[in-house]
Amino acid sequence: MHKTGIVKDDRYMDHVADGYHPESRQRLEVLYEMLREPGMRGQYEEIPPRMATQQELELIHMPNYISLVASTAGRSMTMLDPDTYACAKSYETARLAVGGTLAAVDRVMKGGVDNAFAFIRPPGHHAETNRAMGFCLFNNVAIAAGYALATHRLKRALIIDWDLHHGNGTQHSFYERADVLYFSTHQYPYYPGTGFFSEIGNGPGKGFTVNVPLTAGPGDAEYSLIFEEVLEPIALQYKPDIVFVSAGFDIYFRDPLGGMQVTPQGFANLAKIVLDFARQTCDGKVVFVLEGGYHLEGLRDSVREVLKTLRGEILAEGRQGEARSQADRRLIDPVIKKVKEALRPYWKMN
Ligand SMILES: [Zn+2]
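Residues numbered from 1 in each chain as written. Predicted model: local features only at pLDDT ≥ 70, side-chain atom pairs only at ≥ 80, totals over all residues. Heavy atoms only, no water.

Quick word on helix H4 (residues 90-109)
Then, in step 1: With 20 residues, H4 should reach 28 Å at 1.5 Å per residue; the first-to-last C-alpha distance of 29 Å fits that figure.
Then, in step 2: Immediately downstream of H4, the backbone of Gly111 shows phi near 85°, a positive value. (Helix = DSSP H or I, 4+ residues; strand = E, 2+ residues; numbered from the N terminus. Expected span 1.5 Å × (residues − 1).)

Below is the structure:
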């Protein structure tokens, strides 16, 4: 069994919209409630979050953008972009979201836990260095990767983004850097519009951005195959010192925003693939960070399966699983071929 840390704090509920918004506090309410179920309670080590410092936010964000978000504090409602709100407490909540993710990194790096999951909001992967986007204020995972390299003196970090949407902010943060490899599967063309397979990085970062743009339809078997055939070989060659997962659950089959078909078991399988190669390259140091996921029961059931997988309590389906052979290769083969073509100059690919 592994020791798995979790970050949870009721203050993450303080970021609230006026009226209906899919990125709501109910998302964490159902997760925190699930963590109190008999089979879950007491099984995970709680990691208390802290406020991220200005210097930590500046690992990714411009000082004038941080000041802009700070200026929303105490004001009833500010729209930072058409989808992205800030209430009186959002600035503080967003800083606590970053700080919670950093606390998870510290605990994993110091060996207090083997892996961790930060149940935080607002989410982060759309946030750019200088602007809020797509429900995101500060880019939690990007700051955490920068922090892991700077503070824990690591050489390489891998960020895997399985959210339905492309993590434009994360990609742009490291587009010209080789010390953070960004891998994303996402629905395409779709919000936010970026993430074509030809976007592979720039300058010294060339080959260190990997995009797998998918049309609607892929489910458990197809996602597992993409992870095994594209992500795993690159990860094993890259040899990250820490792995992050921008874990969005909007690829769940009933998510209101997406067209993917992943089930709770499918999320567990993806987590298992990631844990397996992370064990080979970095002793299994993986930090999961919550991004999207808007079907409340789907979010709850999927996260439960991922957590049990992180802890080693359930075994995900083996590689020769029945489901694999049922994969609809027509949904993924053309894109896998194009991704491999784009990345072949940089990585050994079959
Ligand atoms: Zn999303």
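Regarding the coordination of the zinc ion
Then, in step 1: Bound to the zinc ion are the protein donor atoms Asp163 (OD), Asp163 (OD), His165 (ND1) and Asp250 (OD), situated 2.0 to 2.8 Å from the metal.
Then, in step 2: Geometry at the zinc ion is irregular, judged from the 4 donor atoms that bind it and their angles of 51 to 153° at the metal. (Donors = N, O, S within 2.8 Å, 3.2 Å for Na, K, Ca; no water. Tetrahedral: all angles 85-135°; square planar, octahedral: opposite > 155°, others 65-115°.)

Comments concerning the sheet that holds strand E10 (residues 286-290)
Then, in step 1: Read from one edge of the open sheet, 8 strands run E2-E1-E5-E10-E9-E6-E7-E8, paired in parallel fashion. The outermost strands of the open sheet, each flanked by one partner alone, are strand E2 (45-46) and strand E8 (209-214).
Then, in step 2: One ladder, built from 6 bridges, connects strand E7 (residues 180-187) with E8; its direction is parallel. Bridge pairing in E8 links His186 to Pro213.
Then, in step 3: The strands that helix H9 (residues 296-311) touches are strand E1 (4-7), strand E5 (115-118) and E10; relative to E5, the one it contacts most, it runs at about 160°. (Pairing = 2+ DSSP bridges. Contact = heavy atoms within 4.5 Å. Axes fitted to C-alpha atoms, helices over the stretch in contact; angles between N-to-C directions.)

Topic: the environment of Thr209
Then, in step 1: Structurally, Thr209 is set in strand E8.
Then, in step 2: Judged by its relative accessible area of 0%, Thr209 falls in the buried class.
Then, in step 3: Residues Thr209 and Leu158, spaced 51 residues apart in sequence, show a C-alpha to C-alpha distance of 10.0 Å.
Then, in step 4: Ignoring sequence-local partners within four residues, the contact set of Thr209 consists of Gln171, Tyr175, Tyr182, Glu199, Ile200, Gly201 and Leu343. (Buried < 20%, exposed > 50% of the residue type's maximum accessible area, 1.4 Å probe, protein only.)

Focus: helix H8 (residues 264-282)
Then, in step 1: Taking 1.5 Å per residue, 19 residues should reach 27 Å; H8 reaches 26 Å between its end C-alpha atoms and fits that length.
Then, in step 2: In terms of burial, H8 is largely enclosed, as 15 of its 19 residues are buried.
Then, in step 3: In the stretch just after H8, Asp283 is the one whose phi turns positive, near 60°.

Notes on the packing of aromatic side chains
Then, in step 1: Counted according to the given criterion, the structure contains 18 aromatic pairs.
Then, in step 2: Residues Phe208 and Tyr238 carry aromatic rings whose centres are separated by 5.8 Å and whose planes lie at 55° to one another, so their mutual orientation is tilted. A residue pair is termed long-range when its members are at least 10 positions apart, and Phe208 in the loop between E7 and E8 and Tyr238 in helix H7 (residues 220-238) qualify at 30 residues.
Then, in step 3: Overall, the relative accessible area of 18% leaves Phe208 in the buried class.
Then, in step 4: Under the relative-accessibility criterion, Tyr238 is labelled buried at 4%.
Then, in step 5: On the numbers, 4.7 Å between centres and 55° between planes, the contact of Tyr252 with Phe253 is tilted.
Then, in step 6: Take Tyr252: its relative accessible area is 5%, and that puts it in the buried class.
Then, in step 7: Taken together, Phe117, Phe119, Trp162, Phe183, Phe227, Phe249, Phe267 and Phe288 form an aromatic cluster joined through their ring pairs.
Then, in step 8: Sitting over the ring of Tyr32, Lys8 keeps its end group 5.5 Å from the ring centre.
Then, in step 9: Its guanidinium or amino end placed over the ring of Tyr44, Arg311 lies 5.9 Å from that ring's centre, counting from NZ or CZ. (Phe/Tyr/Trp six-rings, centres within 6.5 Å; stacked < 30°, edge-to-face > 60°. Lys NZ or Arg CZ within 6 Å of the ring centre and 35° of its normal.)

Details of the nonpolar core
Then, in step 1: With 114 residues, the main nonpolar core has Trp162, Phe244 and Leu307 as its most contacted residues.
Then, in step 2: Other than its neighbours up to four places away in sequence, Phe244 contacts Val105, Val141, Ala144, Ala145, Ala148, Ala157, Leu158, Ile159, Ile160 and Val287. (Core = buried A, V, L, I, M, F, W, Y, C linked by side-chain atoms within 4.5 Å.)

What about the layout of surface pockets?
Then, in step 1: Space inside the largest pocket adds up to approximately 170 Å³.
Then, in step 2: Taken together, 15 residues line the largest pocket, and the ones lying closest to its centre are His21, Glu23, Ser24, Arg25 and Gln26.
Then, in step 3: Classifying every residue of the lining of the largest pocket gives 7 nonpolar, 5 polar and 3 charged. (1 Å grid on protein atoms, 1.4 Å probe; cavity = no way out; pocket = protein on both sides within 12 Å on 5 of 7 lines; lining within 4 Å. Points joined across faces, edges and corners; volume = space filled by probe spheres on them. Nonpolar A, V, L, I, M, F, W, Y, C, P; charged D, E, K, R; others polar.)

Quick notes on the pairing of strand E6 (residues 157-161)
Then, in step 1: Within E6, 5 of the 5 residues are buried, which leaves the element mostly enclosed by the surrounding structure.
Then, in step 2: The side-chain alternation of E6 yields two buried faces, one formed by Ala157, Ile159 and Asp161 and the other by Leu158 and Ile160.
Then, in step 3: Two elements, E6 and E7, share 5 bridges in a ladder whose sense is parallel. Residue pairing across strands places Leu158 opposite Leu181, the latter belonging to E7.
Then, in step 4: Crossover connection from E6 via helix H6 (residues 168-173) to parallel E7: handedness right-handed. (Right-handed = clockwise from strand over helix to strand, strands pointing away.)

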